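Coordinate analysis (summary)
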Amino acid sequence: MAGKVYDCMKKIGDVIIENKDFLTDLDREIGDADHGVNMARGFHAVEEKVPADLTDIGAFLKKTGMTLLSTVGGASGPLYGTAYMEAGKVAAGKETITADEFNEMLLAAIAGIQKRGKAVRGEKTMLDALIPAQETYAAKVAEGAGIVDALDAACEKAHEGIEFTKTIRATKGRASYLGDRSIGHQDPGATSATLTLEAIRDYLKSNS
Amino acid sequence: MVGLVIVSHSWKIAEGVVDLAQQMAGDYKGLRAAGGLEDGEIGTDAVRIMEAVRDADEGDGVVILADLGSGVMSAETAVEFLDGEVNVRIADAPIVEGAVAAAVEACAGSSMEEVIQAAEEAREMRKQ
């Protein structure tokens, strides 16, 4: 993987922070109106606390996950925190990542989110964007695509996943209190997860 | 004695529940609040919860009571990070009534099992 892990995380943080109001507005419709505010607070803390010169990707992601856990505040704290930490375990001791290793990291992150949130696909959560994205990524890499092209296809699927969340009712999290009234709204978590994948893709595109 | 950690999105709720439970539990020293974020904002923080559990532990174990949503998720994360360092469990109980019942039980020197049971039975308390 070209580029540096700090710069890539900075890009993710910038995108999340730029979309703070958008994510919060989505969450106002079906939740507690804090997703954007919480995620932005978490990524401000990541920029502040995670050393830019930490080149071990595993150690970097572990520190990122721990920081998100203790600063985000809502359920996205333990969820994204666990996701980054689990991905970090796959990348422990590595300073570069291959396309295959990135797939392993995605799988580990998704497994972490499933374990922490006790959710499965189809419950109007970030998993509805991440799981199809990972599946497509893995298929593209298996066909010989490079990491950027595979991520391009994955991001497209993640967007379809966001659209899918509009059609279903929430059964997890605050949105589940709304029952059928949650139908018609896109899931804020699926949206921030897609923004994250797009940020990684865009970073790699401009640095490879 | 068994320790008790009260987790809430709001530090005011966590501190208030500790005050209320303490009133019923005499000189019991095992109550800790882990509410809100470090800067006082609404939210839950797995690292703060983990520290509160360590602090509440006298060697007899710790029971966590958490409020809704990420309260439970952050508490579960803290339990996982402690990785057996402290014997800790999350009670499936209402936070106010459960904390009062658990504190009364804990200050009598009861086991962790008994403290959890007292907290969970508080769910059946009728108001009318």
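Structure: see above.
These lines cover the structure that appears in this document, whether it is placed above or below. What you see is a predicted model; the values in this text were computed from it and never measured. (Residues numbered from 1 in each chain as written. Chains lettered and ligands numbered in written order. Predicted model: local features only at pLDDT ≥ 70, side-chain atom pairs only at ≥ 80, totals over all residues.)

Assigned secondary structure in chain A consists of nine helices and zero strands. For chain A, the succession of helices and strands along the chain, N to C, is α-α-α-α-α-α-α-α-α. Taken over C-alpha atoms, the radius of gyration comes to 16 Å for chain A, in line with the 17 Å a tight globule of 208 residues would show. Seen along its three principal axes, the alpha-carbon backbone of chain A occupies a region of about 45 × 40 × 30 Å. Out of the 208 residues in chain A, the part that is buried amounts to 58%. Expressed as a percentage of contacts within chain A between residues at least 6 apart in sequence, the contacts between residues at least 24 apart total 64%. (Helix = DSSP H or I, 4+ residues; strand = E, 2+ residues; numbered from the N terminus. Rg over C-alpha atoms; globule rule 2.2 N^0.38 Å. Buried ≥ 20, exposed ≤ 12 C-beta atoms within 10 Å, placed from the backbone. Contact = placed C-beta atoms within 7 Å.)

Another aspect to go through is the overall build of chain B. Tallying secondary structure elements over chain B gives five helices and four strands in all. The helix and strand sequence of chain B, counted from the amino end, reads β-α-β-α-β-α-β-α-α. For chain B, the C-alpha radius of gyration of 13 Å lies close to 14 Å, the compact-globule estimate for 128 residues. Counting the 128 residues in chain B, one finds 55% classified as buried. At a minimum sequence separation of 6, the contacts of chain B that also span at least 24 residues come to 74%.

It is worth spelling out the sheet that holds strand β4 (residues 88-90) of chain B at this point. All names here are of chain B. Strand order across the open sheet formed by four strands is β2-β1-β3-β4, with parallel pairing between neighbours. The sheet terminates laterally at β2 (31-35) and β4, the two strands that pair on one side only. Pairwise comparison of adjacent strand axes, ignoring direction, gives a mean angle of 20° for this sheet. As paired elements, strand β1 (residues 3-8) and strand β3 (residues 62-66) share five bridges and run parallel to each other. Across the sheet, residue I6 finds its bridge partner in β3, namely L65. Packing of helix α3 (residues 70-82) onto the sheet brings it into contact with β1, β3 and β4, and relative to β4 it is tilted by some 160°. Helix-sheet contacts for helix α5 (residues 112-121) involve β3 and β4, and the interaxial angle to β3 is about 20°. (Pairing = 2+ DSSP bridges. Axes fitted to C-alpha atoms, helices over the stretch in contact; angles between N-to-C directions.)

A few words on the interface of chain A and chain B. Taken together, the 13 residues of chain A in the interface contact 14 residues of chain B. Of all the elements in the fold, those that place two or more residues in the side of chain A that touches chain B are α4 (57-71) and α5 (76-90) of chain A.

Further remarks concern the packing of α5(A) against helix α6 (residues 99-117) of chain A. Residues and elements named next belong to chain A. At their nearest, the axes of α5 and α6 sit 7 Å apart, and the two run at 145° to each other. The way α5 lies across α6 gives a crossing that is right-handed. Seen from α5, the contacting residues are P78, L79, T82, A83, M85, E86, A87, K89 and V90; seen from α6, they are E101, E104, M105, A108, A109, A111, G112, I113, R116 and G117. Broken down by class, the residue content of the contact of α5 with α6 amounts to 11 nonpolar, three polar and five charged. (Left-handed = near helix turned anticlockwise from the far one by under 90°. Nonpolar A, V, L, I, M, F, W, Y, C, P; charged D, E, K, R; others polar.)

Here we take up helix α2 (residues 46-56) of chain B. Across the 11 residues that make up α2(B), a large majority, eight, are buried. Those residues of α2(B) that sit buried are A46(B), V47(B), R48(B), I49(B), M50(B), A52(B), V53(B) and A56(B).

Residue and element names in this part refer to chain A. Along its 15 residues, helix α3 (residues 35-49) runs 21 Å from first to last C-alpha, staying within 8% of the 21 Å computed at 1.5 Å per residue. Regarding α3, the residues found buried are H35, G36, V37, N38, M39, A40, R41, G42, F43 and V46. Contacts made by the buried residues of α3 are with α1 (5-18), α2 (20-30), α4, α5 and α9 (188-206). (Expected span 1.5 Å × (residues − 1).)

It is worth spelling out the pairing of β3(B) at this point. Residue and element names in this part refer to chain B. Most of β3 sits inside the fold, with five of its five residues counted as buried. Burial along β3 is two-sided: V62, I64 and A66 and V63 and L65, pointing in opposite directions, are all buried. Where β3 meets β4, three bridges bridge the pair, whose relative direction is parallel. Residue pairing in the sheet places V63 in a bridge with R89 of β4. Handedness of the crossover is the feature at issue here: the chain leaves β3, passes through α3, returns alongside β4, and the resulting connection is right-handed. (Right-handed = clockwise from strand over helix to strand, strands pointing away.)

A word on the nonpolar core. With 108 residues, the main nonpolar core has I6(B), L65(B) and A102(B) as its most contacted residues. Residues within four places of A102(B) in sequence aside, it is in contact with L4(B), V63(B), L65(B), A91(B), V115(B), A118(B) and A119(B). (Core = buried A, V, L, I, M, F, W, Y, C linked by C-beta atoms within 7 Å.)

Right, let's get into the environment of E38(B). Residues and elements named next belong to chain B. In this fold, E38 is placed in the loop between β2 and α2. For E38, a count of 14 C-beta atoms within 10 Å translates into the label partly exposed. Between the alpha carbons of E38 and I64 there is a distance of 19 Å; along the sequence they are 26 residues apart. If we skip the residues at most four places from it in the chain, E38 touches D45 and R48.

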